[in-house]
Amino acid sequence: MRKAFAVLTTAAVASLGALVPATSAQAADCSDAMAGALSGYMYAYDSTNCSGHLGHASGDDSNWGDSALSFQGGDTNSASSVLNNGNSYEVKFYNGTGGTGGHICLSRSEGWASSLLGDSFTTGVAANNSISGHAWASASNCSKWAV
């Protein structure tokens with residue numbers, strides 16, 4: 001009887017250990033960042049899963065490499081994940097400054113792209129570490145979406 005109890009106890013503890021990594025893996029996205037995001041703002045991060053906050057903005061910033069608006073200097077070509085907590089529009093990210101180059105959009109309904117690896121702009125250029133500016137846009141002005 002004791003041996004059967006010991007086997008059942010060991011099996012129960014082992015099954016609990018198997019649940020912990022699954023829970024941790026589920027948290028490896030941008031849900032925590034979204035929960036803390038200000039309404040009406042977009043965010044960009046230098047690492048995947050919305051970590052390494054680069055900046056956030058409620059308005060457009062067509063040049064992340066200047067020192068004029070929300071994103072500054074080293075923020076250009078550094079984003080690996082993005083978040084859209086906007087109220088009315090999608091976020092259109094550009095490969096070039098001033099709204100030039102290709103674009104990729106992030107919808108409000110999608111909320112975030114926890115990794116830009118594998119995404120590309122309309123020109124075919126990889127989106128990861130290649131965003132140079134953004135603007136709020138209607139969905140009809142977006143022809144490519146982050147996945």
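In this report, the structure presented in the accompanying data block is examined. (Residues numbered from 1 in each chain as written. Predicted model: local features only at pLDDT ≥ 70, side-chain atom pairs only at ≥ 80, totals over all residues. Heavy atoms only, no water.)

Further remarks concern the overall build of the protein chain. Across its full length, the protein chain carries 2 helices and 7 strands. In sequence order, the protein chain lays out its α and β elements as α-α-β-β-β-β-β-β-β. Of the contacts formed within the protein chain by residues at least 6 apart in sequence, a portion of 62% connects residues at least 24 apart. In the structure as shown, the protein chain presents an accessible area of about 7,500 Å², 56% of it carried by carbon and sulfur atoms. (Helix = DSSP H or I, 4+ residues; strand = E, 2+ residues; numbered from the N terminus. Contact = heavy atoms within 4.5 Å. Areas by Shrake-Rupley, 256 points an atom, 1.4 Å probe, with all protein chains shown as cover.)

Positive phi, close to 60°, is recorded for N49, a residue that is not glycine. By the element assignment, N49 lies in the loop between β1 (41-47) and β2 (51-57). Look at N49 and you get partly exposed, because its relative accessible area is 30%. Despite not being glycine, N129 shows a phi value in the positive range, around 55°. Mapped onto the elements, N129 comes out in the loop between β6 (112-113) and β7 (133-137). (Buried < 20%, exposed > 50% of the residue type's maximum accessible area, 1.4 Å probe, protein only.)

As a further point, take the packing of aromatic side chains. Enumeration over the complete set of coordinates arrives at 3 aromatic pairs. Geometrically, the ring pair formed by Y43 and Y45 is stacked, given 6.3 Å between the ring centres and 10° between the ring planes. With respect to class, Y43 is no different from Y45; both count as buried. Aromatic side chains W64 and F71 sit 4.0 Å apart centroid to centroid with 10° between the ring planes, which places their arrangement in the stacked category. You'll find W64 and F71 in the same group, each marked buried. Taken together, W64, F71 and F93 form an aromatic cluster joined through their ring pairs. (Phe/Tyr/Trp six-rings, centres within 6.5 Å; stacked < 30°, edge-to-face > 60°.)

Turning to the state of the cysteines, a few remarks are in order. Summed over all chains, the structure comprises 2 disulfides. The disulfide partner of C105 is C142, and the S-S distance across this bridge is 2.1 Å. Disulfide C105-C142: the torsion about the S-S bond is -85°, which places it as left-handed. Linking C105 in strand β5 (residues 103-106) with C142 in the segment after β7, this pair joins segments that are 37 residues apart in sequence. Both residues of the pair, C105 and C142, count as buried. Sequential numbering of the bridged cysteines in the protein chain gives the disulfide pattern 1-2, 3-4. (Disulfide = S-S within 2.5 Å.)

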